[in-house]
Amino acid sequence: MIKIGITGGIGAGKTTVCKELEKMGYPVFYSDDEAKNLMVENAEVVKQITALFGEDAYIDGQLNRVHLAKQIFTNNKLRESLNQIVHPAVRRAFVEWSEAQDAELVFNEAAILFETGQYKTFDYTVLVTAPTSIRIDRVVKRDNTTPEEVQKRIDNQWSDEEKIKLSSFVIVNDGKREILPQLDQIIGQIKENISSE
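The shown structure was predicted, so the numbers you read here are calculated from the model rather than taken from an experiment. (Residues numbered from 1 in each chain as written. Predicted model: local features only at pLDDT ≥ 70, side-chain atom pairs only at ≥ 80, totals over all residues. Heavy atoms only, no water.)

J.: I'm lost on the packing of aromatic side chains in this one. Help?
T.: Two aromatic rings, taken as a pair, are described by how far apart their centres are and by the angle between their planes. This structure, assessed with the given rule, holds seven aromatic pairs. Among the aromatic side chains, those forming a connected cluster through ring pairs are Phe29, Phe94, Trp97 and Phe122. Over the ring of phenylalanine 122 we find arginine 91; its NZ or CZ atom is 5.4 Å from the centre of that ring. (Phe/Tyr/Trp six-rings, centres within 6.5 Å; stacked < 30°, edge-to-face > 60°. Lys NZ or Arg CZ within 6 Å of the ring centre and 35° of its normal.)

Structure (structure tokens):
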């Protein structure tokens, strides 16, 4: 089984690409969704988060996102500690999930694949890119936020230039180039590599 990581900055359109892959019949694991579930449903993760952020970390069994966001955006050490709790749990969940699949290729959508070094655990990585102006526009509409807020979030992420150096493939999602032909080409290339090994 070939494991492929899919990543991209905020508003680049990772989810759009993943939905296309699902339509093509490929299984996709969504790391960010899994992380949200684990932070509420996994007893060990909940215990560690509570130890780190105090009793205010949860309200009525739900994650107190406002409380956590306030702390991790001003404290890199805390954010790093939270990642140390959540990322290994997500990784384990992906391994279990992929073992249950019977597809030749499986995909894992993750926002910070390169930043965590997680990309090294995949056979291939696909980076989804889009011009900054388009990304800002998409996120403003999606999250009902301001362009300045989105720019701040973009500034906090690695640049596409840095990520491209580490990517096996790049998909341009600028609204002009269609995604499907790009995906077909990438999957064709990967299958060719498999058959020639």
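Continuing now.
J.: I'm lost on the packing of helix H2 (residues 31-41) against helix H5 (residues 76-99) in this one. Help?
T.: As a packed pair, H2 and H5 sit with axes 9 Å apart at the nearest point and diverge in direction by 110°. With respect to H5, the axis of H2 lies roughly perpendicular. For the pair H2 and H5, the crossing hand works out as right-handed. Across the interface between the two elements, Ser31, Glu34, Ala35, Leu38 and Met39 of H2 pack against Leu82, Val86, Ala89, Val90 and Ala93 of H5. (Axes fitted to C-alpha atoms, helices over the stretch in contact; angles between N-to-C directions. Helix = DSSP H or I, 4+ residues; strand = E, 2+ residues; numbered from the N terminus. Parallel < 35°, antiparallel > 145°, perpendicular 65-115°, else oblique. Left-handed = near helix turned anticlockwise from the far one by under 90°. Contact = heavy atoms within 4.5 Å.)

J.: Help me understand H5, please; the structure alone is not making it clear to me.
T.: An α-helical turn contains 3.6 residues, so a residue and the one three or four places further along point in the same direction. Taking 1.5 Å per residue, 24 residues should reach 34 Å; H5 reaches 34 Å between its end C-alpha atoms and fits that length. Every buried residue belonging to H5 is among Leu78, Leu82, Asn83, Ile85, Val86, Ala89, Val90, Arg91, Ala93, Phe94 and Ser98, and all of these are buried. Against the buried residues of H5 lie strand E1 (2-7), strand E2 (28-30), H2, helix H3 (43-53), helix H4 (65-74) and strand E5 (105-109). Residue asparagine 75 occupies the N-cap position of H5, its side-chain oxygen lying 2.9 Å from the main-chain nitrogen of lysine 77. (Expected span 1.5 Å × (residues − 1). Buried < 20%, exposed > 50% of the residue type's maximum accessible area, 1.4 Å probe, protein only. Polar contact = N/O pair within 3.5 Å; in protein donor to acceptor, adjacent residues only side chain to side chain.)

J.: I keep staring at the pattern of salt bridges and nothing clicks. Help me out?
T.: When the charged atoms of two side chains lie near each other, side chains of opposite charge can form a pair. Tallying each qualifying case throughout the model produces nine salt bridges. Across the pair lysine 23 and glutamate 20 runs a salt bridge, and its minimum N-O distance is 3.5 Å. Of the two residues, lysine 23 and glutamate 20 are both situated in helix H1 (residues 14-23); the distance of three residues between them amounts to about one turn of the helix. For arginine 135, the salt bridge is made with aspartate 160, and the minimal N-O distance between the two is 4.0 Å. Residue arginine 135 is found in helix H6 (residues 132-143), and its partner aspartate 160 is found in helix H8 (residues 160-166); the two are separated by 25 residues along the sequence. Taking relative accessible area as the criterion, arginine 135 reaches 6% and is therefore assigned buried. Take aspartate 160: its relative accessible area is 15%, and that puts it in the buried class. Here the salt bridges share partners, and the residues they tie into one network are Arg142, Asp143 and Arg153. (Salt bridge = Lys/Arg side-chain N within 4 Å of Asp/Glu carboxyl O.)

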